[in-house]
Amino acid sequence: MRSIYLDNAATTALSPAAKQAMLPYFDGIFGNPSSLHTWGQQASAALQDARERIALCLGADPKEITFTSGGSEADNQAIFSAAMAGAARGKQHIVSSAIEHHAVLYYLASLQTQGFDVTILPVEPGTGLVRPADVAAALREDTCLVTIMFANNEIGTIQPIAEIGALCRQRKIPFHTDAVQAVGHVPIDVRALRADYLSLAGHKFHGPKGVGALYCRKGMPLRSLLLGGAQERGHRAGTENLPAIMGMASALEESLALLGQTDAVMVPLRDRLIARLRDIPRARLNGHPTLRLPNNVNFCFEGVEGEALLLLLDAQGIAASSGSACTSGSLDPSHVLLALGLPHEIAHGSLRLTLSRYITEADIDYTAEAILQVVERLRAMSPVWERITADR
Ligand SMILES: *Cc1c(COP(=O)(O)O)cnc(C)c1O
C-alpha cells in the first residue's frame, strides 16, 4: 500500500539536512550556553549563529529573535507583551479575526476575563480574507494590539499583512502576525510587512517539534512568560533547546533555498488536485482560489462526514485532516469554516490536504482517485445525501 502524508499543516517530517544539523548538539556540543567554560561557550556560539541565520531569513536583526517552545508560546508571548504594555497606559482594546489559531483566540479570551475588550473581525465569506478597511475601522484610541495571522492553517488563505501592518504602523498601534503557516513557505520580510511581532514554529517547515521563535521589533515591549533564568536576554527563562534550535535554523534556510523549486512543482500539483476534486458534484473549495498557501487544499463535500472520509483515506494510506475539532475529540465543525459562512452540515464534510516538497504527481493522482471513490461510497450510504439529491 502507498503511504502519502498530506497533513503538513499539522506537522512536517524532519528534513534529512535538519536532522544532520541537530546531531552534534546532543552529545558533542552539549554544554549549557550560559556556562562560562569552553563547552558552554561553544554552545553559546552555536546559539548565536542560529539566531543570526534565522534573523537573516526574516530580514530581522538577531537581537529581535527570541527562541520559544513553538508557535503557541510565541503567539502567547507576543499578545501578553503588547497587552501588558497597553494596560500600563490604560489601553486595553485588541483587534483580531475570527479565523485565528486557538493559540491566539484562547489567549485573547483569557485576556477578556481580565478586563480587555477584544474586537473579533469577521472574514469575507468563502475566501476567509480579512479586509484591511475593517481593521482600520476597528482601531480606537485605546487599541494596544492588532493580531492577524499571515496564512490560515485550515484554509490556507494568505492575508493582506503588509497592508494591515502599514495601517497599524501609521496609527502607531502594535501589530502581531501569527506566521506559523507561512514561514518557510512564502518569502517573509518583517520590515516590509511592518510587523512588530511575528511568530514561527520549526515543525511546520521540516524542522523539529517543540521549538519556535518570536520576532519582536527593536523597541517594542517584550515580557517573559517564564520566570527564572536570564536566558534569551531575559525574555525567556530556561536552558535553550540547542539541538532543536540548530535544526530549525537549518530547516528554515533549506526551505527558503528550495522555495522557487518547491513552488514550481507544488503549486501545479495543488491546482491539479483542486481541479480533480472540483469535478465531484457538490464539492466546494474553501478559502481563496489564488491567495492561498502553495501547499493547501481544503474542500467540503456535501452529505459526507469529514471524519468518515479521513478514516477511509487512512485505510488507503493517505493522511489528511478534517475541519472538525478533532483535537478536542468533538465533532463540532471548526470555527474557521463557520466563519467562512458555511452551514454546520456542510462544514462537517470538510477535508484538508496539505502538500510538502516530498509529494509527487503520482501521489496526487492516487489521492484524487481515492477521494473520488470514498466520497461516492460514503454518499451511497448517506441519508443526508439522499435528501440533498431528492430536493433537486
Ligand atoms: C501550528 C500552529 C500554531 C501552533 O504552533 P505549535 O508549534 O504547535 O505550538 C499556531 N498558529 C498556527 C497558524 C499554526 O499553524
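Preceding block: the structure.
Residues numbered from 1 in each chain as written. Predicted model: local features only at pLDDT ≥ 70, side-chain atom pairs only at ≥ 80, totals over all residues. Heavy atoms only, no water.

A word on the overall build of the chain
Then, in step 1: Secondary structure assignment for the chain yields 14 helices and 12 strands.
Then, in step 2: Relative to the globule expectation of 21 Å for 392 residues, the C-alpha radius of gyration of the chain, 22 Å, shows essentially globular dimensions.
Then, in step 3: Its C-alpha atoms give the chain principal-axis dimensions of roughly 70 × 50 × 35 Å.
Then, in step 4: Burial status across the chain gives 56% buried among its 392 residues.
Then, in step 5: Summarising the internal contacts of the chain: among those between residues at least 6 apart in sequence, 73% fall at separations of at least 24.
Then, in step 6: For the chain, the accessible surface area stands at approximately 16100 Å², while carbon and sulfur atoms represent 56% of it. (Helix = DSSP H or I, 4+ residues; strand = E, 2+ residues; numbered from the N terminus. Rg over C-alpha atoms; globule rule 2.2 N^0.38 Å. Buried < 20%, exposed > 50% of the residue type's maximum accessible area, 1.4 Å probe, protein only. Contact = heavy atoms within 4.5 Å. Areas by Shrake-Rupley, 256 points an atom, 1.4 Å probe, with all protein chains shown as cover.)

A word on the sheet that holds strand β12 (residues 350–354)
To summarise the sheet geometry, strands pair through backbone hydrogen bonds and adopt either a parallel or an antiparallel arrangement.
Then, in step 1: Taken in spatial order, the 3 strands of this open sheet run β9-β10-β12, and their pairing is antiparallel. Edge positions in the sheet fall to β9 (283–285) and β12, since each of these pairs with one other strand and no more. Here the average twist between neighbouring strands, direction ignored, is 25 degrees. (Pairing = 2+ DSSP bridges. Axes fitted to C-alpha atoms, helices over the stretch in contact; angles between N-to-C directions.)

Brief notes about the nonpolar core
Then, in step 1: Core analysis: the biggest nonpolar cluster contains 64 residues, and V146, F150 and I188 have the highest contact counts within it.
Then, in step 2: With residues near it in sequence (within four places) discarded, F150 still touches T157, I158, Q159, I161, T177, D178, A179, A182, V186, I188 and L193.
Then, in step 3: Core analysis: the second largest hydrophobic core is formed by 30 residues, I274, I318, L353 and L355 among them. (Core = buried A, V, L, I, M, F, W, Y, C linked by side-chain atoms within 4.5 Å.)

Observations concerning the sheet that holds strand β2 (residues 65–68)
Then, in step 1: On the basis of which strands lie adjacent, the open sheet formed by 7 strands has the order β2-β8-β7-β6-β5-β3-β4 and mixed pairing. For this open sheet the edge positions go to β2 and β4 (117–121), each flanked by a neighbour on one side alone. Across the sheet, the mean angle from the axis of one strand to that of its neighbour is 20 degrees, orientation sign disregarded.
Then, in step 2: Strands in contact with helix α2 (residues 38–58) are β2 and β7 (197–201); relative to β2, the strand with the most contacts, it is inclined by about 115 degrees.
Then, in step 3: Of the strands in this sheet, β2, β3 (93–97), β5 (143–147), β6 (175–178), β7 and β8 (212–216) touch helix α3 (residues 71–88), which is tilted by about 160 degrees from β7.

Quick word on the packing of aromatic side chains
Then, in step 1: Scanning all chains against the criterion turns up 1 aromatic pair.
Then, in step 2: Between F299 and F301 the ring centres are 5.8 Å apart and the planes differ by 5 degrees, which places this aromatic pair in the stacked class. Accessibility assignment for this pair places F299 and F301 in one class, buried.
Then, in step 3: One cation-aromatic arrangement involves R2 over Y366; the distance from NZ or CZ to the ring centre is 5.2 Å.
Then, in step 4: For the cation-ring pair, R379 lies above W385, with the distance from its terminal atom to the ring centre recorded as 3.8 Å. (Phe/Tyr/Trp six-rings, centres within 6.5 Å; stacked < 30°, edge-to-face > 60°. Lys NZ or Arg CZ within 6 Å of the ring centre and 35° of its normal.)

A few points about the packing of α3 against helix α4 (residues 102–112)
Then, in step 1: For the pair α3 and α4, the least separation of the axes is 9 Å and the interaxial angle reads 35 degrees. Crossing hand, α3 versus α4: right-handed. For the pair formed by α3 and α4, the contact residues are S72, D75, N76, I79, F80, A83 and M84 on the first element and A103, V104, Y107, L108 and L111 on the second.
Then, in step 2: Tallied by class, residues from the contact of α3 with α4 come to 9 nonpolar, 2 polar and 1 charged. (Left-handed = near helix turned anticlockwise from the far one by under 90°. Nonpolar A, V, L, I, M, F, W, Y, C, P; charged D, E, K, R; others polar.)

Details of the site of the ligand
Then, in step 1: As a matter of local geometry, the ligand sits amid 13 residues, with G71, S72, D178, Q181 and K204 nearest to it.
Then, in step 2: Contact distances for the ligand include 2.7 Å between an oxygen atom and a side-chain N or O atom of Q181.
Then, in step 3: Within the side chain of K204, an N or O atom sits 2.7 Å from an oxygen atom of the ligand.
Then, in step 4: Relative to its unbound accessible area of 380 Å², the ligand is 86% covered by the protein chains.
Then, in step 5: Looking at the shell around the ligand element by element, the count peaks at 3 residues for α3.
Then, in step 6: Taken together, the residues that form the shell around the ligand break down as 3 nonpolar, 7 polar and 3 charged. (Near = heavy atom within 4 Å. Polar contact = N/O pair within 3.5 Å; in protein donor to acceptor, adjacent residues only side chain to side chain.)

On their own, these measurements won't tell you what the molecule is for.
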